[in-house]
Amino acid sequence: MSVRSSLLIVSLFATGGNDGRHPRMAHTPSAAMVPAPDVRELLGAARGVAPALCVLAADGIWTVGRWGGGMWDAPAMSIGSEVRSRVREMLRARYSVDDERSLLDGLSADDACVRHIAATLIGRSEDKRFVEQLAARLTASSPGERQAAAAALGLLNAKEGVDPLLAALRDVSADVRADAAWALGRIGDKRAARTLVASVRDDHPEVRGAAVVALGRLEAKEEIDVLMRVLREDSSPEVRRVAAWALGQLEARPAIQGLAAALRQDRSAEVREMTAWALGSIEARESVEALTAALKGDESSDVRETAAWALGQLNSQNSVDALADAIARDRESDVRATSAWALGQIHLEKAPGALVSALKDSDDEVRLKAAWALSQIGDADALPAVTEALKSEQRERVRQALVRALLESGEHSQEALSGLLQSKDEQTRKLAVRALAGRRGPWPWPWPWPRPRPNP
């Protein structure tokens, strides 16, 4: 493999998600000297790449050149900007007939990374002209080729591929069956739900898990009982985890009792974490007792934090004591911070003492979310602590939150707020001016959401 070919494949994951070029890049002589790679060169560069690097490269293919990037492309990196620029140029161009043939041939390659990259490039093309050929390859003699074709159909969101994919659910290869189930969930044709139920009983856990995720994506609410059985009985923790995700995705209220039982009893921390998320997503107030027990006693900090998040979603006064106790006692800062956030979600008139004390926490995020929560509650009794915290707080985001806590509680302290007019942070100065004028201010930062929506 040539040095340049090696750089091509590595550059795909080194710059994934980048949609911008450095201002000088288009005019550098080195960029003009490097021709855009073609599909055959890229597939050739993929041969022999280690599996972990291949996955990263394929992820880069999916995101490079799309909206929302720009964070990775520093002016000078180990892989030259001109290489990354030319890769983006290739991915934005329409494939030629020769390129299409090379990609389809890549699906049958004996090298797994070549097949993986070929399927990803086809999917990223969004070109439905590939569908007929992909469907035909679902009956190829090589299981690797059939698996790659199923993945490409899913990436293309090809509704025309639903019937061939349904047939592929009976393939002798577990990899093919798993990718067919995944593809059907991604395509989103609800006709597939009944057939996928049979795959939930497959001998291979990767097939069962893919089928469960697909039922969640298809919003197959008629299969809630099937998903509950999987959560209760499946031998694979990963399959149980995605069953909890699917039930949360479906906002399946009939599953609340089963999810609460799994939160208390499942041996896997990852399953318990996802059941806590599902209960919060469903907004199951019936589960406050199970969630508070998890917050108090689960051995996993991830489970405790997600239980705190879920209790915030439920907005139940019955969870206040448990959340305040977590702020005061939990050894993990993520749990304390999310518990503070959760108290801000609950409609309280008085701030718990632990929340006020959290303004002195050693962790920046705990102090930030505690200040935000106090601004939500607007308890005048907390104002002396807020004012005192402003004298020593060094983090500008936390200072902004403290200003808002003063603002929302009607505090017009000249001494506390006048000093903020000298802040180096423009937003803090603006909030101080608003507070001194007796006006309610805007949100001082993006909503402090404690965690992203989980992936199955």
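Keep in mind that this is a model prediction, so the values were computed, not measured.

Chemist: Explanation requested: the packing of helix α13 (residues 205-217) against helix α15 (residues 237-249) in the structure shown.
Modeler: Two packed helices can be described by the angle between their axes and the distance between those axes. Closest axis-to-axis distance for the α13/α15 pair is 8 Å, and the angle between their directions is 5°. Taken as axis vectors, α13 and α15 run roughly parallel relative to one another. Touching Pro205, Arg208, Gly209, Val212, Val213, Gly216 and Arg217 of α13 are Val239, Val242, Ala243, Trp245, Ala246 and Gln249, all from α15. Residues that form the contact of α13 with α15 fall into these classes: eight nonpolar, three polar and two charged.

Chemist: What am I meant to see in helix α16 (residues 256-265) here?
Modeler: Residues spaced three or four apart along an α-helix point in a common direction, a consequence of the helix completing one turn every 3.6 residues. When we look at burial in α16, the residues that qualify are Ile256, Leu259, Ala260, Ala262 and Leu263. The arc that holds every buried residue of α16, seen down its axis, measures 160°, which confines them to one face. In α16, the exposed positions that point more than 90 degrees away from the buried face belong to Gln257, Arg264 and Gln265. Among the structural elements, α14 (224-233), α15, α17 (269-282), α18 (288-297) and α19 (301-314) are those in contact with the buried residues of α16.

Chemist: Before we go on, may I ask you to explain helix α7 (residues 112-125) in this structure?
Modeler: Relative to the 20 Å expected for 14 residues at 1.5 Å per residue, α7 spans 20 Å between its end C-alpha atoms, a close match to the ideal helical length. Among the 14 residues that make up α7, 11 are buried, leaving the element largely enclosed by the rest of the structure. Among the residues making up α7, those that are buried are Cys113, Val114, Arg115, Ile117, Ala118, Ala119, Thr120, Leu121, Ile122, Gly123 and Arg124. With a side-chain oxygen lying 2.9 Å from the backbone nitrogen of Cys113, the N-terminal cap of α7 falls on Asp111. Once α7 finishes, Glu126 follows within two positions and takes phi at roughly 60°, a positive value.

Chemist: How should the nonpolar core be read in this particular structure?
Modeler: The nonpolar side chains of soluble globular proteins are, as a tendency, buried together. Of all hydrophobic cores here, the largest spans 141 residues; its most connected members are Leu134, Leu196 and Leu355. Those residues in contact with Leu355, other than ones at most four positions away along the chain, are Ile327, Ala340, Leu343, Ala370, Ala373, Leu374 and Ile377.

Chemist: Is there a simple way to explain the environment of Ala358 in this structure?
Modeler: Among the structural elements, Ala358 can be located in the loop between α22 (353-357) and α23 (364-377). Sequence spacing of Ala358 and Ala337 is 21 residues, and the spatial spacing of their C-alpha atoms is 8.9 Å. If we skip the residues at most four places from it in the chain, Ala358 touches Ile327, Val366, Arg367 and Ala370.

Chemist: Where do I start with the pattern of salt bridges in this structure?
Modeler: Once the charged atoms of two side chains with opposite charge are near each other, the side chains can pair. What the rule picks out here adds up to 28 salt bridges. Residue Lys190 pairs with Glu219 through a salt bridge whose shortest N-O separation is 3.9 Å. Remark: Glu219 occurs in the loop between α13 and α14 and Lys190 occurs in the loop between α11 (174-187) and α12 (193-199); sequence separation between them is 29 residues. For Lys190, a relative accessible area of 53% puts it in the exposed group. Of the residues examined, Glu219 reaches a relative accessible area of 48% and is grouped as partly exposed. Members of the salt-bridge network, linked through shared partners, are Asp364, Arg367, Glu393 and Arg395.

Chemist: How do you make sense of the environment of Glu270 when you look at a structure like this?
Modeler: Inspection of the secondary structure puts Glu270 in helix α17. We classify Glu270 as partly exposed; its relative accessible area is 48%. Glu270 sits 29 residues away from Arg241 along the chain, and the two C-alpha atoms are 6.5 Å apart. What Glu270 contacts, discounting residues up to four positions off in sequence, is Glu238 and Arg241.

Analysis parameters
- Residues numbered from 1 in each chain as written.
- Predicted model: local features only at pLDDT ≥ 70, side-chain atom pairs only at ≥ 80, totals over all residues.
- Heavy atoms only, no water.
- Axes fitted to C-alpha atoms, helices over the stretch in contact; angles between N-to-C directions.
- Helix = DSSP H or I, 4+ residues; strand = E, 2+ residues; numbered from the N terminus.
- Parallel < 35°, antiparallel > 145°, perpendicular 65-115°, else oblique.
- Contact = heavy atoms within 4.5 Å.
- Nonpolar A, V, L, I, M, F, W, Y, C, P; charged D, E, K, R; others polar.
- Buried < 20%, exposed > 50% of the residue type's maximum accessible area, 1.4 Å probe, protein only.
- Arc of directions from axis to C-beta.
- Expected span 1.5 Å × (residues − 1).
- Polar contact = N/O pair within 3.5 Å; in protein donor to acceptor, adjacent residues only side chain to side chain.
- Core = buried A, V, L, I, M, F, W, Y, C linked by side-chain atoms within 4.5 Å.
- Salt bridge = Lys/Arg side-chain N within 4 Å of Asp/Glu carboxyl O.

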